[in-house]
Every structure is written in C-alpha cells, then in structure tokens.
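# Observations on the three-dimensional arrangement
Residue strings, one per chain:
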Amino acid sequence: MATLAADQAQDYRRDGYALYHRQLFAPERLARLQGIFEEHLAEKGSKLSDELDTPHFRDPRLLEFLLSGEVLDLVEPITGSDIALWSSHFICKDPYTGRATPWHEDSALWEGRMDSYDNIVTVWLALDRSTRENGCMRVIPGTHHHGFSRYVQADGTTNTFDTQIERVDEANAVYFELERGECSLHDSRIVHGATANTSPNRRCGYTMRYFPASTRLIPEQNQGHKLWLARGRDRAGNSYVNQ
C-alpha cells in the first residue's frame, strides 16, 4: 500500500514536501495512464505541451487514477480521511524547448477561490524520468509557512507564467529527481518552480491535486470548475460531480 510513514508525514508538515521513490502504480496501470497522456498530447492542437490543464474534465478514464486507492492512501496522512479532488494537469517539457516554470506558490494562483489553503497537496507523478538536466521541479523547503509572496512580471514566452516571486534564495533549493512512475508531494503554499528543459530528453508528469473536504470552495469564484468527492464525507457544503 502506498502511504507516508509517520516520520515522512511529520517531515512533510515541516518542510512542505515529500519524495516517494517507489512505483505508485503497477506497471500495467502506469502504461495505461501513459497511453492516455500520449493521446492528449497528440490531440492538443495549438496548445503548448505544458498547457494540458484539467484533462479529467474531458476524459473520465483518468478518474481511475485520480480516485485510486494508491493515490488517496498517499495523501490521506496530509488531508485527513475526507478528501476532495481539486484538479489535475498534464505538464510536459519538450526536449530543448520546454519552458521554465518561474518561482511561484500554487495557492497564489487560486487566491480567493477557497476559504482555506491548509493541507492542499499536489502529487506530481513522473511519466518520464525527471532530472535537473531536463527541468525537474525544485522547491524552497519550509516556505509554505510564510504566506503569500510578492510577485513581479516575468517573460511569458520563455516561462509557463507571466509573473514570478520577486526574491528567492535559490541556494536552498531541493531538486525533485524522479524515475518514471515515482512521485513527489508538495504543499500548495510552498515556493517552487523549474528550470527550462535544455536537454534532449522529454520531461512529462501528471499533477493530481487534493484538499480536505472540510475546505469550502467559493462558488462565485469557481464557475464551471468540477469537484469530485474522492473519499469520506463532504464537510463544507461543496457540490460534487459524483454526489
């Protein structure tokens, strides 16, 4: 069973991240997820490879993975036993041309959309090997305790966002190097980013995002957004596709 040990969960709460250097899914399931991703990538049209957001809204096959016991057992020590599926995202950095991801906090992108940002967790599943050379994620440990940062403009042609955190001490960065099928977990408030992919190797992953079902989404700020109750009971009066 995929789960965080008590000491790993404690370290996660202190540092804002955890690395899970084990295979999250059995080989045949990972291959099935990889096949779905390759379909989405081939059909992306004019979108860039890093812009495949909320694919599960359009493709219910992904719910097999997003609502799986493997993933939910992994995040439950963080979210608690009542879990909502918030979002997912295929993010792919093509060889040589994959854009950088500037320093940011996920929570800043969602400011005003929910009543609490506590214990929102992203599982980042490596669909390709993820290394420093091909632009793996990097984080600044402990920054999830600091609140929202100050942002300045960034070049949106070479970065996945057009804003970035004004000042970051990169000397403290931890790089999330992962083999295919391994994953990381990070708090939505932690400062993180990634360098551009200047290597000949593609770097793709699937982000799966969850929050405690005691967190309330603000309906006026989430029109058209779909939630699933992944495990347990709703505690906040949210509306779910599967309820």
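See above for the structure.
Now for a look at the structure at hand. A quick note: this is a predicted structure, and the numbers were derived from the prediction, not measured.

### Side note on the pattern of salt bridges
The tally for this structure, following the rule as stated, stands at 19 salt bridges. Across the salt bridge formed by arginine 61 and glutamate 39, the nearest N and O atoms sit 2.9 Å from each other. Here the residue arginine 61 occupies a position in the loop between β2 (52-53) and α3 (63-66), and glutamate 39 occupies one in helix α2 (residues 27-42), the gap between them amounting to 22 residues. Given a relative accessible area of 38%, arginine 61 falls into the partly exposed group. Among the charged side chains, a network of salt bridges with common partners joins Arg29, Arg32, Glu64 and Glu70.

### A short note on the state of the cysteines
In this structure the tally under the stated criterion is one disulfide. In this model, cysteine 92 is linked to cysteine 204 through a disulfide, with the two sulfur atoms separated by 2.0 Å. With cysteine 92 in strand β3 (residues 83-93) and cysteine 204 in strand β12 (residues 203-212), this residue pair connects regions lying 112 residues apart in the sequence. For the residue pair cysteine 92 and cysteine 204, the accessibility class agrees, reading buried in each case. With no disulfide partner, cysteine 136 has as its closest neighbouring cysteine sulfur the one in cysteine 204, 14 Å distant. Take cysteine 136: its relative accessible area is 1%, and that puts it in the buried class. Here cysteine 183 is not disulfide-linked; the sulfur of cysteine 136 is the nearest cysteine sulfur, at 15 Å. Judged by relative accessible area, which is 0%, cysteine 183 ranks as buried.

Conventions and cut-offs
Residues numbered from 1 in each chain as written. Predicted model: local features only at pLDDT ≥ 70, side-chain atom pairs only at ≥ 80, totals over all residues. Heavy atoms only, no water. Salt bridge = Lys/Arg side-chain N within 4 Å of Asp/Glu carboxyl O. Helix = DSSP H or I, 4+ residues; strand = E, 2+ residues; numbered from the N terminus. Buried < 20%, exposed > 50% of the residue type's maximum accessible area, 1.4 Å probe, protein only. Disulfide = S-S within 2.5 Å.

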